[in-house]
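Architecture at a glance
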Amino acid sequence: MGFLFGLKAFIAAVLGGIGSIPGALLGGLTLGLVEQWAQYYADGLLFSGASSYRDGFAFLILIGVLLIRPSGFFGRFEGEKV
């Protein structure tokens, strides 16, 4: 029942950097703001009911952050473990 909430919490933690509490807070805030912006934009400019696409924006942000900065906002590079 709470799968989507858990998935979004995981996305927020990855955005901020795994192991960083302030990073997870910033990641959750960023995720929430982008989702609300996407819902406002979709309902205002597109057809009514397009706000269901806001969940897709969370995954697009996750993919973008993982491509640009895989360690997250506050994560640090620890080297390669062999």
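Quick summary incoming for the structure in this document. This one's a predicted model, so the numbers in the text were calculated from it and none came from an experiment.

1. Considerations on helix α1 (residues 3-16)
With 14 residues, α1 extends 20 Å from end C-alpha to end C-alpha; this agrees with the ideal 20 Å at 1.5 Å per step. All of the buried residues in α1 are K8, I11, A12, V14, L15 and G16. At the C-terminal side of α1, G17 shows a positive phi close to 115 degrees.

2. Some points on the packing of α1 against helix α3 (residues 54-68)
Contact geometry for α1 and α3: axes closest at 10 Å, N-to-C directions at 30 degrees. Judged on the interaxial angle alone, α3 and α1 are roughly parallel. α1 and α3 meet at a crossing whose hand is left-handed. Every residue of α3 that contacts α1 at L4, L7, K8, I11, V14 and L15 is listed here: D55, A58, F59, I61, L62, V65 and L66. Looking at the contact of α1 with α3, its residues break down into eleven nonpolar, no polar and two charged.

3. Let's talk about the nonpolar core
With eight residues, the main nonpolar core is built from I11, V14, L15, L31, A58, I61, L62 and V65. Top element by residues in this core is α3. It accounts for four residues. Beyond its immediate chain neighbours, meaning those up to four positions away, V65 contacts L15, P70, G72 and F73.

4. A closer look at the pattern of salt bridges
Scanning all chains against the criterion turns up two salt bridges. A salt bridge links K8 to E35; its shortest N-O distance comes to 2.9 Å. In this pair, K8 sits in helix α1 while E35 sits in helix α2 (residues 21-45), placing the two residues 27 residues apart along the sequence. E35 carries the same exposure label as K8, and that label is buried. Among the salt bridges present, the one from D55 reaches K8, with a minimum N-O distance of 2.6 Å. Residue D55 is found in helix α3, and its partner K8 is found in helix α1; the two are separated by 47 residues along the sequence. Assessed through its relative accessible area of 24%, D55 is described here as partly exposed.

Definitions and limits used
- Residues numbered from 1 in each chain as written.
- Predicted model: local features only at pLDDT ≥ 70, side-chain atom pairs only at ≥ 80, totals over all residues.
- Heavy atoms only, no water.
- Helix = DSSP H or I, 4+ residues; strand = E, 2+ residues; numbered from the N terminus.
- Expected span 1.5 Å × (residues − 1).
- Buried < 20%, exposed > 50% of the residue type's maximum accessible area, 1.4 Å probe, protein only.
- Axes fitted to C-alpha atoms, helices over the stretch in contact; angles between N-to-C directions.
- Parallel < 35°, antiparallel > 145°, perpendicular 65-115°, else oblique.
- Left-handed = near helix turned anticlockwise from the far one by under 90°.
- Contact = heavy atoms within 4.5 Å.
- Nonpolar A, V, L, I, M, F, W, Y, C, P; charged D, E, K, R; others polar.
- Core = buried A, V, L, I, M, F, W, Y, C linked by side-chain atoms within 4.5 Å.
- Salt bridge = Lys/Arg side-chain N within 4 Å of Asp/Glu carboxyl O.

By themselves, these figures tell us nothing about what the structure is for.
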